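Working through the structure, step by step
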Amino acid sequence: MVGPNDRRPRARPAEPILHVDLDAFYASVEALKDPSLAGKPVVVGSPGPRGVVMSASYAARARGLRSAMPSMRARRLCPDAVFRPPDFESYRAYSNRFREILLSYSPAVEPLSLDEAFLDVSGAAMLFGDPELIATRIRADVRSQLDLTASVGVGPNKLIAKLASVQAKPDGLLVVRAQEVAGFLRPLPVDALWGIGEKTAALLSRLGIRTVAELAATPGFVLERTLGDAQARSLLDLAAGHDLRAVVPFEQPKSVSHEETYPRDLDDPDQILREILSLSHRVASRLRAEGYRARTVTLKLRLPSFATLTRSRTLPAPTETAADIFGVARELFLALPEARRRFRLLGVAATGLVPAGAEQVGLVRAGRWREAERALDVVDRRFGPGTARPARLLPGRDA
């Protein structure tokens, strides 16, 4: 008999894979930012003639709206739909907090996008219980900490867990036991399986194959003549519920940096500061794009002799703005002896990275510089890098 304090490792669970998917993520975040949107048909995307629905709330979906639908059609189907432009900074902030919740249960977390991820909880049973209990706890944490809902599928592999989470939506949990896999897959349409898009589904339909059960019953040589050996074998494996792919853990970056080597040595302090400012903006833009803030700024300078100097300073609070990064890098540069201000390479690095979500989930906007730099990000994404830049980086301007 096993006592309550027995610490021997438990057997690996038969269904160790979770797929966690936040429900109507973008639209749900918009409703959190503006509570008056709760229960309304919310659409994230441009309402213009060329716009596309990026996300729709479940109230909008009940009116027939779907992701990737042209916005003009969405407006015809639902004239009272409330359109909101995408706010990727807020989505990344919530996504980072979502990832932190998942990592609190297992280090084996593989993000697929901002709002979904696989987990392998094989080694978590001793601490947190069986996979179904872990899934229940994750859903409760997402609700209590983020005020969002999540659908979770639990299964023996990634294929089954993903399909289970789709069946569980919205705001549900579905566990498919190893012995239930065949019965779970049989009634599904073939295009529910990975690797079957519109063209492949059309080819299979010509063979009279519309469900996973019909695919599984088709002789391999028939599929090979139509799809080729490799794809035929792959689809038959999936139809049988076989998926050997492992969960590949996410690794947080340790630093974000940019450096530049110049065709001739720089010795003009104003020009050097302009280059440091440009590098600071590139670093800050990447931090914001990847959803991180940095605690430490490092300035790298290479002399004509190829000797390299580095100077670092830790900030009182993490930042993702070029104004803060450049402020520190500028002070580090100005603290160098006058005789050592000729360089062939300059670099700026941000280290000590922390997810931006913890401070930003409350959607608190701190300072006009951050807002200005976010505006630059939007312009760069639309028109190309360097389209908008600080006046100090324009040709002929003093630093």
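The structure displayed is predicted, hence computed values, not measured ones.

Notes on the overall build of the chain
Across its full length, the chain carries 16 helices and twelve strands. Scored against the burial criterion, the 399 residues of the chain give a buried share of 45%. In the chain, the share of contacts with a sequence separation of at least 24, taken over all contacts with a separation of at least 6, comes to 65%. Accessible surface computed for the chain: about 20200 Å², of which carbon and sulfur atoms make up 53%.

Let's talk about the sheet that holds strand S8 (residues 173-175)
Taken together, the five strands give an open sheet; going across it, the order is S5-S6-S1-S7-S8, and neighbouring strands pair in mixed fashion. Each end of this open sheet is capped by a strand with a single partner; those strands are strand S5 (109-113) and S8. Strand-to-strand twist in this sheet, taken as the mean axis angle between neighbours without regard to direction, amounts to 15 degrees. Where strand S7 (residues 150-155) lies against S8, three bridges are found, and the strand directions are parallel. Across the sheet, the residue bridging to Val154 is Val175, located in S8.

Some thoughts on the layout of surface pockets
Looking at the second largest pocket, its volume works out to about 370 Å³. Surrounding the second largest pocket, 20 residues form its lining, Ala27, Ser28, Ala31, Gly39 and Ser57 being those nearest its centre. Elements with a minimum of two residues in the lining of the second largest pocket: helix H1 (25-33) and helix H2 (58-61). The element that contributes the greatest number of residues to the lining of the second largest pocket is H1, accounting for four residues. Its residues placed into classes, the lining of the second largest pocket shows eleven nonpolar, four polar and five charged.

Notes on the sheet that holds strand S3 (residues 55-56)
Hydrogen bonds between backbone atoms are what pair the strands of a sheet, whose relative direction is either parallel or antiparallel. Spatially, S3-S2-S4 is the arrangement adopted by the three strands of the open sheet, whose pairing is mixed. Edge positions in the sheet fall to S3 and strand S4 (82-84), since each of these pairs with one other strand and no more. Two elements, strand S2 (residues 42-44) and S4, share three bridges in a ladder whose sense is parallel. Residue Val42 lies in a different strand from S4, and its bridge partner there is Val82. Across the face of the sheet, H1 comes into contact with S2, S3 and S4 while running at roughly 115 degrees to S2.

Focus on the nonpolar core
With 33 residues, the main nonpolar core has Leu18, Val20 and Ile138 as its most contacted residues. Contributing elements (two or more residues each) for this core: strand S1 (17-22), H1, S2, helix H4 (88-103), strand S6 (116-120), helix H6 (131-146) and S7. Setting aside residues up to four positions removed in sequence, Val20 forms contacts with Phe98, Leu102, Asp115, Glu116, Ala117, Leu119, Ile138, Ala150, Ser151 and Val152. Membership of the second largest hydrophobic core comes to 32 residues, among which are Ile276, Val283, Leu299 and Val348.

Brief notes about the side chain of Ser71
Within the fold, Ser71 resides in helix H3 (residues 71-77). Filtering out sequence-adjacent residues up to four positions away, Ser71 remains in contact with Ser46, Pro47, Gly48, Gly51, Val52, Val53 and Phe83.

A closer look at the packing of aromatic side chains
Summed over the entire model, instances satisfying the criterion amount to eight aromatic pairs. With a centroid separation of 4.2 Å and 5 degrees between ring planes, the pair formed by Tyr26 and Tyr91 is classed as stacked. In this pair, Tyr26 is assigned in helix H1 and Tyr91 in helix H4, connecting sequence segments 65 residues apart. Comparing Tyr26 with Tyr91, the two get one shared label, buried. When the ring of Phe118 is compared with that of Trp194, the centres are 6.4 Å apart and the planes differ by 75 degrees; the resulting orientation is edge-to-face. Taken together, the positions of Phe118 in strand S6 and Trp194 in the loop between helix H8 (181-185) and helix H9 (198-206) put the pair 76 residues apart, joining distant regions of the chain. A relative accessible area of 2% places Phe118 in the buried class.

What to know about the pairing of S5
Pairing of S5 with S6 involves four bridges; the strand directions are antiparallel. When the bridges of S6 are listed, Val109 appears paired with Leu119. Between S5 and S6, which follow one another and run antiparallel, lie two residues.

Digging into unusual backbone geometry
A cis amide bond, omega -10 degrees, links Lys169 with the succeeding residue Pro170. Mapping Pro170 onto the fold places it in the loop between helix H7 (158-168) and S8. In this structure, Ala68 takes a positive phi of about 75 degrees despite not being glycine. Its place among the elements puts Ala68 in the loop between H2 and H3. By relative accessible area, Ala68 is classed as exposed at 61%.

With respect to the confidence of the model for the chain
For the chain, per-residue confidence averages 87 on the pLDDT scale, and residues scoring 70 or more make up 86% of the total. Across residues 1-9 the pLDDT falls below 50, and counting only partners more than four positions away or on other chains, this stretch makes four contacts in the model. Under a pLDDT of 50 for its full length, residues 361-369 has, in the predicted model, twelve contacts with residues more than four places off or in other chains.

Things to note about the environment of Gln167
Here Gln167 is to be found in helix H7. Put simply, Gln167 and Gly153 are 14 residues apart on the chain and 8.1 Å apart in space, counted from C-alpha to C-alpha.

Each value, and the rule that gives it
Residues numbered from 1 in each chain as written. Predicted model: local features only at pLDDT ≥ 70, side-chain atom pairs only at ≥ 80, totals over all residues. Heavy atoms only, no water. Helix = DSSP H or I, 4+ residues; strand = E, 2+ residues; numbered from the N terminus. Buried < 20%, exposed > 50% of the residue type's maximum accessible area, 1.4 Å probe, protein only. Contact = heavy atoms within 4.5 Å. Areas by Shrake-Rupley, 256 points an atom, 1.4 Å probe, with all protein chains shown as cover. Pairing = 2+ DSSP bridges. Axes fitted to C-alpha atoms, helices over the stretch in contact; angles between N-to-C directions. 1 Å grid on protein atoms, 1.4 Å probe; cavity = no way out; pocket = protein on both sides within 12 Å on 5 of 7 lines; lining within 4 Å. Points joined across faces, edges and corners; volume = space filled by probe spheres on them. Nonpolar A, V, L, I, M, F, W, Y, C, P; charged D, E, K, R; others polar. Core = buried A, V, L, I, M, F, W, Y, C linked by side-chain atoms within 4.5 Å. Phe/Tyr/Trp six-rings, centres within 6.5 Å; stacked < 30°, edge-to-face > 60°. pLDDT = per-residue confidence, 0-100.

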